[in-house]
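Architecture and fold: a report
Chain residues, written in single-letter form:
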Amino acid sequence: MSRDRRYQNVDDFQKAARKRLPKIFADYIEGGAFSETTLRRNRAGFDAYALRQRVLCNLEPEVDLSARYLGRRQALPFFPGPVGFLGLYRRYGDLKVGLAAKAAGVPFALSTFSIKGIASLAPQLGENLAFQLYLDRDPTVNESYLEACRIAGVETIFLTVDTAITSVRERDNRNGFRALQKISPGLAWQFAKRPRWSLDLLRNGMPGVELVEGRPEFGRGALAQASALSARLDKDLTWEKVRWLRDLWPGRLVIKGVSDRRDAELARASGVDGIVLSNHGGRQLDQGLASISLVAEMRAALGPERDLFVDSGFRRGSDIVKALALGADAVMLGRPFAWAVAAEGDWGCARLFELLAQEIAITLQLMGLNSLAELRAAPVDSLLSPMG
Ligand SMILES: Cc1cc2nc3c(=O)[nH]c(=O)nc-3n(C[C@H](O)[C@H](O)[C@H](O)COP(=O)(O)O)c2cc1C
């Protein structure tokens, strides 16, 4: 079967990634916190809304899918969110996802926990590169991150604020993910069962996290550095830190991981340019609400001026249409791009953009709409009806 036929949706990439990756990484990507209820609700939440079909409308041949992004337009209303260690799932994975985003005309938010750093990606991604910042407990480390952003000409920082507490992912505990320092016999066996992934490791060696390479306090090699980076996250995250960063960082600042309207109001008052409504893909608070069910109230709390991005559980073009109808400016996708790059590298990322864009365009047309601007201008109840 040709690749185009084989890959029809995100689930196809997920299945293929699981076949290519050692179990420890496949589980790390897929897993959620504790009982994984938030993870499941993120998906189930979309079923609470149905789309309304319109017919006999004057449709243009092309649908305008451009969306607002921090004072400018981006070509599509979705983009890859920050996912740690993309370069471990596929060599140069961060670069591959970033280049696919650039080709699609959208930004790419590079995780602090990335193999390739800002310095080496900036020349290739230019203004499409944004940086996701995890604050380290050591202020000098944070200053070095910001300095790297300044030197590279990065405009936008996504400050992640929902990880001051480290949640428990039982799959990772079972696999010993957090304690990973080097390759144990059990891990070697998992690697042996995934020869395509492992051959690359044998040929090219274990990559390191460029941003902290050469700093002995983070150890050497991505596995040790991953543990060190997580262990060193700033536990003392407060609005004061947001204001500190707002004063220090002249570019655009978005806070990621807000999912309560009181926090959205505080975000508005803190002077940030936008927020990402996110429950970290169900990886932090278990028993939480689906992100999609909070979009409308978060938009109301944030007001119309600031950008509202949303993530957690988006897999379909129609999921994205629902979020935009409810008031989001754009959607971020975490796992889908990790799976696409792990499964099929550059081609996989490009195919994922193509599939989702097509699904959004067809969905809009069947709703009788020519553009996202028309979607945003229409009253929500003319677009969506609540189910049940
Ligand atoms: C494997 C993995 C690694 C992640 N790493 C980061 C990270 O480094 N920084 C961050 O802000 N969010 C991180 N996230 C959260 C994503 O940015 C995003 O909020 C979440 O994945 C969205 O849900 P989705 O995967 O259902 O699209 C990670 C998520 C996954 C699955």
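As shown above, the structure is provided for reference.
Residues numbered from 1 in each chain as written. Predicted model: local features only at pLDDT ≥ 70, side-chain atom pairs only at ≥ 80, totals over all residues. Heavy atoms only, no water.

1. As for the overall build of the protein chain
Stated precisely, the cut-off is as follows: Labels follow the DSSP assignment, with helices taken as runs of H or I lasting at least four residues and strands as runs of E lasting at least two, numbered in each case from the N terminus. Residue burial is assigned from relative accessible area. The probe radius is 1.4 Å, only protein chains are included, and a residue is buried under 20% of its type maximum, exposed over 50%, and partly exposed in between. Contacts are assigned to residue pairs with any non-hydrogen atoms lying within 4.5 Å of each other.
In terms of helices and strands, the protein chain carries 19 helices and twelve strands. With respect to the three principal axes, the spread of C-alpha positions in the protein chain is 65 × 55 × 40 Å. Counting every position in the protein chain, which comprises 388 residues, the buried fraction comes to 58%. Sequence separation of at least 24 residues holds for 72% of the intrachain contacts in the protein chain that already meet a minimum separation of 6.

2. Overview of the pairing of strand 6 (residues 129–133)
Applicable threshold: We treat two strands as partners when DSSP finds at least two bridges between them. By definition, the crossover connecting two strands over a helix is right-handed if that path, from the first strand to the second, turns clockwise as seen with the strands pointing away from the viewer.
Counting buried residues along strand 6, five of its five residues qualify, which places the element largely inside the surrounding structure. Burial along strand 6 is two-sided: the residues Leu129, Phe131 and Leu133 and Ala130 and Gln132 are all buried. Pairing geometry for strand 5 (residues 108–110) and strand 6, over three bridges, is parallel. Across the sheet, residue Phe108 finds its bridge partner in strand 6, namely Leu129. Once the chain exits strand 5 it traverses helix 7 (residues 118–125) before rejoining the sheet at strand 6, and the crossover so formed is right-handed. Of the crossover connections in this fold, the one passing from strand 6 over helix 8 (residues 139–152) to the parallel strand 7 (residues 156–160) is right-handed.

3. Quick look at the pairing of strand 9 (residues 274–277)
Every second residue of strand 9 is oriented toward a common face, with Gly274 and Val276 on one face and Ile275 and Leu277 on the other, all of them buried. The sheet contact formed by strand 8 (residues 252–258) and strand 9 spans four bridges and is parallel. Bridge pairing links Val254 to Gly274 in strand 9. In the sheet, strand 9 pairs with strand 10 (residues 307–310) via four bridges, with the strands oriented parallel. Of the residues in strand 10, the one forming a bridge with Ile275 is Leu308. A crossover connection joins strand 9 to the parallel strand 10 through helix 15 (residues 295–302); in handedness this β-α-β unit is right-handed.

4. A word on the site of the ligand
Heads up, the rule is: When at least one non-hydrogen atom of a residue lies within 4 Å of a molecule or strand, that residue is treated as near it. Polar contacts here mean pairs of N or O atoms no more than 3.5 Å apart (in protein, one a potential hydrogen donor and the other a potential acceptor; neighbouring residues in sequence count only if both atoms are side-chain atoms). Shrake-Rupley sampling with a 1.4 Å probe provides the accessible areas, and residues are treated as covered by the protein chains on show and by no other component. Residues are grouped as follows: nonpolar covers Ala, Val, Leu, Ile, Met, Phe, Trp, Tyr, Cys and Pro; charged covers Asp, Glu, Lys and Arg; every other residue, Gly included, is treated as polar.
With respect to spatial proximity, 23 residues lie near the ligand, and among them Pro82, Ser111, Thr160, Asp311 and Gly313 are the closest. One of the side-chain nitrogen or oxygen atoms of Gln132 is found 3.1 Å away from a nitrogen atom of the ligand. Residue Ser278 places a side-chain N or O atom 3.4 Å away from an oxygen atom belonging to the ligand. Burial of the ligand by the protein amounts to 99% of the accessible area it has alone, namely 600 Å². Contributing elements (two or more residues each) for the shell around the ligand: helix 3 (23–30) and helix 17 (335–366). In the shell around the ligand, the residues fall into eight nonpolar, ten polar and five charged.

5. Focus: the side chain of Asn175
Mapped onto the elements of the fold, Asn175 is located in helix 9 (residues 170–175). A relative accessible area of 17% means that Asn175 is categorised as buried. Those residues in contact with Asn175 that sit more than four places away from it in its chain are Lys23, Ile24 and Asp27.

6. Digging into the nonpolar core
Applied cut-off: To form a nonpolar core, buried Ala, Val, Leu, Ile, Met, Phe, Trp, Tyr and Cys residues must be joined to one another through side-chain atoms within 4.5 Å.
Membership of the largest hydrophobic core comes to 128 residues, with the highest contact counts inside it found for Phe78, Tyr89, Phe158, Ile275, Phe309 and Leu375. Each residue touching Tyr89, except ones within four places of it in the same chain, is listed here: Arg20, Leu21, Phe25, Tyr28, Ile29, Val83, Gly84, Trp197, Ala338 and Ala342.

7. Brief notes about the pattern of salt bridges
Let me state the cut-off plainly: Put simply, a salt bridge is a Lys or Arg side-chain nitrogen that is within 4 Å of an Asp or Glu carboxyl oxygen.
Tallying each qualifying case throughout the model produces 30 salt bridges. As a salt-bridge pair, Arg18 and Asp27 come within 2.5 Å of each other at their nearest N and O atoms. Taking the relative accessible area as the measure of exposure, Arg18 reaches 28% and is therefore partly exposed. Across the salt bridge formed by Asp172 and Arg169, the nearest N and O atoms sit 3.9 Å from each other. Side by side, Asp172 and Arg169 carry an identical accessibility label, which is buried.

8. Describing helix 14 (residues 261–270)
Because the α-helix completes a turn every 3.6 residues, residues three or four places apart line up on one side. Quick note on the threshold: Throughout, the arc means the angular range of directions from the helix axis out to the C-beta atoms.
For helix 14, the full list of buried residues reads Ala264, Ala267 and Ser270. One side of helix 14 carries all its buried residues, which in axial view fall inside an arc of 120°. Exposed residues pointing more than 90 degrees away from the buried face of helix 14 are listed as Arg262 and Ala269. The secondary structure elements touched by the buried residues of helix 14 are helix 13 (239–248), strand 8, strand 9 and helix 15. Measuring from the backbone nitrogen of Arg262 back to the side-chain oxygen at the start of helix 14 gives 2.8 Å, which picks out Asp260 as the cap. Backbone geometry just after helix 14 places Gly271 at a positive phi near 85°.

9. Describing unusual backbone geometry
We note that Leu70 has phi near 45°; this positive angle belongs to a residue other than glycine. With respect to the element layout, Leu70 can be found in the loop between strand 2 (67–69) and strand 3 (72–74). If you check the backbone angles, His280 has positive phi at about 60° while not being a glycine. With respect to the helices, strands and loops of the structure, His280 is situated in the loop between strand 9 and helix 15.

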